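Structural overview
Each chain is listed here by its residues.
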Amino acid sequence: DAGVIQSPRHEVTEMGQEVTLRCKPISGHDYLFWYRQTMMRGLELLIYFNNNVPIDDSGMPEDRFSAKMPNASFSTLKIQPSEPRDSAVYFCASSRGRVAKLFFGSGTQLSVL
Amino acid sequence: SQQGEEDPQALSIQEGENATMNCSYKTSINNLQWYRQNSGRGLVHLILIRSNEREKHSGRLRVTLDTSKKSSSLLITASRAADTASYFCATDEPGNKLVFGAGTILRVKS
């Protein structure tokens, strides 16, 4: 298995632009998580899905953030409009079962200028 | 919010020495996990310990859990330069969230 695949690896955009981050979880995993990592706030859970259904999105910072999981093999995290304070590394992770180890992707380094 | 808090924030040791990192948390948990993150990479799962377990081993790793003190420790024995990384504990909060601590930065000097 290729593991959790995220794209793009790096994204540089200007303030106000729409940003879409993509994630392909490991086949057979029923949980998918989006995390954001910054030096100031560490790793923050933004949202997670179970069987493609959003379960908890209380970590999504603002309405500018949205996430979807249209099928078991694909999820997106969208920021519209983006702001400089959104600059961070965004990780996608998946697991088989809730009480299980997470498999992380390599992350997307987002820079909003 | 951060449930687990690691201590120390940073640790620098010589190759061959043991490294001990601690994690404290606030609420009751079902399990606690430890992860490693190399610079510029995603997190990698190391070990999971359940609340009814007190100690667990995996290779050079030893994890202990004391639920009465709400704390856990990760011991890496005979450290290697390749162990240089950040180490995070993660606890499952009520409401089924897995929450990560701020991490310990470990540097192993060769």
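Our subject in this report is the structure included herewith. Note that this is a predicted model, so its numbers are computed, not measured. (Residues numbered from 1 in each chain as written. Chains lettered and ligands numbered in written order. Predicted model: local features only at pLDDT ≥ 70, side-chain atom pairs only at ≥ 80, totals over all residues. Heavy atoms only, no water.)

All names here are of chain A. Judged by pairing direction, the sheet is antiparallel, and its four strands sit side by side in the order E1-E3-E8-E7 without closing on themselves. Because the sheet does not close on itself, it has two edges, and the strands there are strand E1 (5-7) and strand E7 (65-71). In this sheet, neighbouring strand axes are inclined to one another by 15° on average, regardless of whether the strands run parallel or antiparallel. (Pairing = 2+ DSSP bridges. Helix = DSSP H or I, 4+ residues; strand = E, 2+ residues; numbered from the N terminus. Axes fitted to C-alpha atoms, helices over the stretch in contact; angles between N-to-C directions.)

Take the interface of chain B and chain A next. For an interface, size is often stated in terms of accessible area lost upon the parts coming together. Of the residues lining the interface, 20 residues belong to chain B; the matching set on chain A comes to 19 residues. With both chains or domains summed, chain B and chain A bury close to 1500 Å², and 50% of this area falls on carbon and sulfur atoms. If you look at where chain B meets chain A, you find zero salt bridges. Seen at the junction of chain B and chain A, the total is five residue pairs in polar contact (both at pLDDT 80 or more). Those elements that place two or more of their residues in the side of chain B that touches chain A are strand E4 (31-37), strand E5 (43-50), strand E9 (85-93) and strand E10 (97-100) of chain B. Per-class residue counts for the side of chain B that touches chain A are six nonpolar, 10 polar and four charged. (Contact = heavy atoms within 4.5 Å. Buried area = accessible area lost by both parts, 1.4 Å probe. Salt bridge = Lys/Arg side-chain N within 4 Å of Asp/Glu carboxyl O. Polar contact = N/O pair within 3.5 Å; in protein donor to acceptor, adjacent residues only side chain to side chain. Nonpolar A, V, L, I, M, F, W, Y, C, P; charged D, E, K, R; others polar.)

If you trace the backbone, A:Asp56 turns up in strand E6 (residues 53-56). Residues within four places of A:Asp56 in sequence aside, it is in contact with A:Leu46, A:Ile47, A:Tyr48 and B:Lys97.

So, on to the pattern of salt bridges. Applying the stated criterion across every chain, the model contains 11 salt bridges over all chains. With a shortest N-O distance of 2.6 Å, A:Glu83 and A:Arg85 are connected by a salt bridge. Its salt-bridge partner being B:Arg62, residue B:Glu55 comes within 3.2 Å of it at the nearest N-O pair. Given the relative accessible area of 31%, B:Arg62 is considered partly exposed. (Buried < 20%, exposed > 50% of the residue type's maximum accessible area, 1.4 Å probe, protein only.)

Here the focus is the packing of aromatic side chains. Per the counting criterion, the structure on display carries 10 aromatic pairs over all chains. When the centroid spacing of 5.3 Å and the interplanar angle of 25° are considered together, the rings of A:Phe33 and A:Tyr48 count as stacked. Placement of A:Phe33 in strand E4 (residues 31-38) and of A:Tyr48 in strand E5 (residues 42-50) is noted, with a sequence separation of 15 residues between them. When sorted by exposure, A:Phe33 lands in the same class as A:Tyr48, which is buried. Pairwise contacts between aromatic rings join A:Tyr31, A:Phe33, A:Tyr35, A:Tyr48, A:Phe91, A:Phe104, B:Tyr35 and B:Phe100 into one cluster. (Phe/Tyr/Trp six-rings, centres within 6.5 Å; stacked < 30°, edge-to-face > 60°.)

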